[in-house]
Amino acid sequence: MTTTAADVESSLPRIAPVIETTPLVRSTRLSQLTGCEVWLKREDLQPVRSYKIRGAYNFIVQLDDDAQARGVVCASAGNHAQGVALACSTLGVRGRILVPGTTPRQKRDRIAALGGDNVEVIVSGDSYDEAFVAATLDATETGAVLVPAFDDPRTIAGQGTVAVEIVEQLGSAPDVLVVPVGGGGLIAGVSAWMSERHPGTRLVGVEPAGAASMAAALDAGAPVPLAATDPFVDGAAVATAGSYTFPLVRDGGAQLITVDEGHVCTEMLRLYQSDGIIAEPAGALATAALDNRIDLTPGSTVVCVLSGGNNDISRYGEVLERSLIHQGLKHYFLVSFPQEPGALRRFLDEILGPDDDITLFDYVKRNNRDTGPALIGVELARASDLDGLLARLDDSPLGVERVEPGSTLFHYLV
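Residues numbered from 1 in each chain as written. Predicted model: local features only at pLDDT ≥ 70, side-chain atom pairs only at ≥ 80, totals over all residues. Heavy atoms only, no water.

Peer 1: Honestly, the sheet that holds strand S5 (residues 119-123) in this entry has me stumped. Any pointers?
Peer 2: Hydrogen bonding along the main chain pairs the strands of a sheet, whether they run parallel or antiparallel. The strand order across the open sheet formed by four strands is S5-S4-S3-S6, and the pairing between neighbours is parallel. Single-partner strands in this sheet number two, and they are S5 and strand S6 (145-146). Relative to strand S4 (residues 95-99), strand S3 (residues 72-75) runs parallel, the two being bridged by four bridges. Looking at S4, one finds that Val 73 is bridged to Arg 96. Sitting on the sheet, helix H6 (residues 105-115) touches S4 and S5, and the angle it makes with S5 is about 160°. (Pairing = 2+ DSSP bridges. Helix = DSSP H or I, 4+ residues; strand = E, 2+ residues; numbered from the N terminus. Contact = heavy atoms within 4.5 Å. Axes fitted to C-alpha atoms, helices over the stretch in contact; angles between N-to-C directions.)

Peer 1: Just checking my understanding: could you explain the nonpolar core for this structure?
Peer 2: In summary, soluble globular proteins display a tendency toward joint burial of nonpolar side chains. Among the nonpolar cores identified, the biggest contains 34 residues, and Val 178, Val 206, Leu 290, Ile 294 and Val 302 are the most heavily contacted of them. Of all the secondary structure elements, the ones that give two or more residues to this core are strand S2 (37-42), strand S7 (176-180), strand S8 (202-208), strand S9 (255-259), helix H12 (261-275), helix H13 (285-288), strand S10 (301-306) and helix H14 (316-326). Sort the elements by how many residues they give to this core and H12 lands first, with five residues. If we skip the residues at most four places from it in the chain, Val 206 touches Val 178, Val 179, Pro 180, Val 181, Ile 257, Val 259, Leu 285, Ala 286 and Ala 289. With 31 residues, the next largest nonpolar core counts Ala 163, Ile 166, Val 181 and Val 249 among its residues. (Core = buried A, V, L, I, M, F, W, Y, C linked by side-chain atoms within 4.5 Å. Buried < 20%, exposed > 50% of the residue type's maximum accessible area, 1.4 Å probe, protein only.)

Peer 1: What should I look at first to understand the packing of aromatic side chains in this one?
Peer 2: Two numbers describe a pair of aromatic rings. These are the distance of the centres and the angle of the planes. By the definition in use, this model includes seven aromatic pairs. Between Tyr 128 and Phe 150 the ring centres are 6.0 Å apart and the planes differ by 45°, which places this aromatic pair in the tilted class. On the criterion of sequence distance, the pair formed by Tyr 128 in helix H7 (residues 128-142) and Phe 150 in the loop between S6 and helix H8 (153-170) is long-range, its members being 22 residues apart. The burial state of Tyr 128 is the same as that of Phe 150; both residues are buried. Taking the centre distance of 5.9 Å and the plane angle of 45° together, the rings of Tyr 272 and Tyr 316 count as tilted. Highlighted residues: Tyr 272 in helix H12 and Tyr 316 in helix H14, separated in sequence by 44 residues. For Tyr 316, a relative accessible area of 17% puts it in the buried group. (Phe/Tyr/Trp six-rings, centres within 6.5 Å; stacked < 30°, edge-to-face > 60°.)

Now the structure itself:
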């Protein structure tokens, strides 16, 4: 069983009662950056703040009376869960929703609010894939219907309706369509429709570097599990691409690229500060890729799907930190100071540059030692200032160890 353009088109009237035809808006910032006409498909403005309602409702509404009476169960990092919750409350279906412990509190609260008395939210495992295993077992034991987040033709067809709306709103097919990729439901549905109806459009899928499961599947010729995933881009942190989504992506000829999580954070901040858009990490994947990651012909029409806006405000501290590190503006050092008066003053006067700023200083005096270690975080005004700072540290008599990205201590700090 596969998904066709006709399947996508027939889903539109079916899901119409619960979705919004979200705006397609021109981005002045990204148009100036690329020299193209860049448009944003604002799926963050859906009732559940992501496109996931399209697939979830399209799946559940097609269940027969017996299946709906047995109830449904799903696994989700948050957005699919909200779609399932709204579908359950709208259709009067009982649902159990399993989310990993990494799902932000904001998403959990929204799931409960959208589902009301029809939905039970259960925290299970530390990743989407662990939650999915638990949901599959739940379905086997209880007889509830498992609602896949991406890997089912009905889910895929519902998510593919995004492409139909884009072409209708734009008045023609875009030259380039950029979509985020997790398990592949959105790109598979979009690819199924575009490849039949508008094969001239170039389709680009963007994965987080720490969870590039679709690229791994294409390289291997079949879905394969990643050894590890970075859960930060929680809406796209999937370890194994779908068995239904993979062939549609493979045969549709989409270009796949990856974007570093720190780059995603930088784009999240730009969307917020320049465009007034609150995007979750997965929601910023597509637009992040326009920053020199995709070859674009000047003057071409480019549409990016801004897939979701379910971002917990408490995460912005980490978002800012990751962005600064990605831009080369934030660095950490372990410095051994001589335990004598004036040591810190000399560090400030002789080693720090005029625009460098200490953002972290953790020092414990040791009375029985000649030196005492300090953990120091330094924020630079320009990434190019790092060479001068490192040179001054090397020339100083202080013992200095740089905390390298990827080290255990670095992960503790960030």
